[in-house]
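# Architecture and fold: a report
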Amino acid sequence: MRVVFVHGACVRDGSWWWHRTAELLQERGVLSVTPALPSCGEAGLPGGIGGPGLPEDVAAVRQVLQAGDEPTMVVAHSYGGVVTAEAAAGIGSVRHLLLISSYLPEVGQSLSEFGDGSPAPFLDVDPDAGTFGVRPELLVDTFLQDCDPEVQAQAADHLARQNVQVTVHPVGAAAWQQLPSTYLVCAQDRGTPPRLQREFARRAGSVIELDAGHHPFLSQPAAVRDLLLSL
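Every value quoted in this text rests on a predicted model; they were computed, and no experiment measured them. (Residues numbered from 1 in each chain as written. Predicted model: local features only at pLDDT ≥ 70, side-chain atom pairs only at ≥ 80, totals over all residues. Heavy atoms only, no water.)

### A look at the sheet that holds strand β7 (residues 162-163)
Sheets are built from strands that pair by backbone hydrogen bonding, the pairs being arranged parallel or antiparallel. Across the sheet, 3 strands lie side by side as β5-β6-β7; this open sheet has antiparallel pairing. The open sheet is flanked by β5 (123-126) and β7, the only strands paired with a single partner. Looking at chain direction, strand β6 (residues 131-134) and β7 are connected through 2 bridges and run antiparallel. Directly across from threonine 131, in β7, lies its bridge partner asparagine 163. (Pairing = 2+ DSSP bridges. Helix = DSSP H or I, 4+ residues; strand = E, 2+ residues; numbered from the N terminus.)

Quick look at the structure:
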């Protein structure tokens, strides 16, 4: 088995965000890969208006999924669930989806439909540039409150501004409707409210709750590893 990690919004260097869990998986002989998402500036293309958006993110993840035929688990975090909904559709090697604090769209839904029409308080939106990002001063308290100080100190270096168009582009498929899926609700998440997560979780095949913040793969990597190995 291999694991493909799909990271969330407004971050770059995806392998850093997953590294604690990936290292524990590697100790058990399970390799993993984290595709770069162009809308976060990871493909070396300019972001913002006219830059890469959700279709380019979907294409980047599909390319990685199609690159091998070994049984594959896709682990999607937050915005990564929107990407995965379309990217994993129809890929025969994908055996299971693990959705962590993840948006879980139906066909035709976009990320913007899951909010109240106004930006979250922890986001900074630049309409002129066509980008949005996490306010650095709110990063730890919102997303990393249960992580150790080393992770908290390093995380700001791995933030990115993202093309705001990813929030309004509808997905063209919903892979979770055809594939076995597990939803991990993060009960102490201050970014994606647990109430909203539980609504999405009803769409998944099975549901597990963990007393963790938004990034359990950093704060409780052994728990995430064990969950992956059990699926």
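### Some details on the pattern of salt bridges
As enumerated under the stated definition, the model contains 8 salt bridges in all. Taking the shortest distance from any N to any O, the salt bridge between glutamate 150 and arginine 20 comes out at 3.7 Å. In this pair, glutamate 150 is assigned in helix α5 (residues 149-155) and arginine 20 in helix α1 (residues 14-27), connecting sequence segments 130 residues apart. Glutamate 106 is the partner of arginine 203 in a salt bridge, and the nearest nitrogen-oxygen pair spans 3.8 Å. With arginine 203 in the loop between α6 (194-201) and β9 (206-210) and glutamate 106 in the loop between β4 (94-100) and β5, this pair connects stretches of sequence that are 97 residues apart. Of the residues examined, arginine 203 reaches a relative accessible area of 26% and is grouped as partly exposed. (Salt bridge = Lys/Arg side-chain N within 4 Å of Asp/Glu carboxyl O. Buried < 20%, exposed > 50% of the residue type's maximum accessible area, 1.4 Å probe, protein only.)

### Quick word on the nonpolar core
Counting residues in hydrophobic clusters, the biggest one holds 74 residues, and the most contacted among them are Trp17, Val75, Ile100 and Leu144. Not counting the four nearest positions on each side in its chain, isoleucine 100 is found in contact with Trp18, Val75, Ala76, His77, Ser78, Leu184, Cys186, Pro216, Phe217 and Val224. (Core = buried A, V, L, I, M, F, W, Y, C linked by side-chain atoms within 4.5 Å. Contact = heavy atoms within 4.5 Å.)

### Section: the sheet that holds strand β8 (residues 181-186)
One open sheet holds the 6 strands; their spatial order is β2-β1-β3-β4-β8-β9, and the pairing between them is parallel. Because the sheet does not close on itself, it has two edges, and the strands there are β2 (31-33) and β9. Averaged over all neighbouring strand pairs, the angle between strand axes comes to 20°, with direction disregarded. The pairing of strand β1 (residues 2-6) with strand β3 (residues 72-77) spans 5 bridges and is classified as parallel. The residue bridging valine 4 from the neighbouring strand is valine 74, located in β3. Running at roughly 175° to β1, helix α2 (residues 54-66) makes contact with β1, β2, β3 and β4 of the sheet. Seen against the sheet, helix α8 (residues 221-230) touches β1, β3, β4, β8 and β9 and runs at an angle of roughly 150° to β4. (Axes fitted to C-alpha atoms, helices over the stretch in contact; angles between N-to-C directions.)

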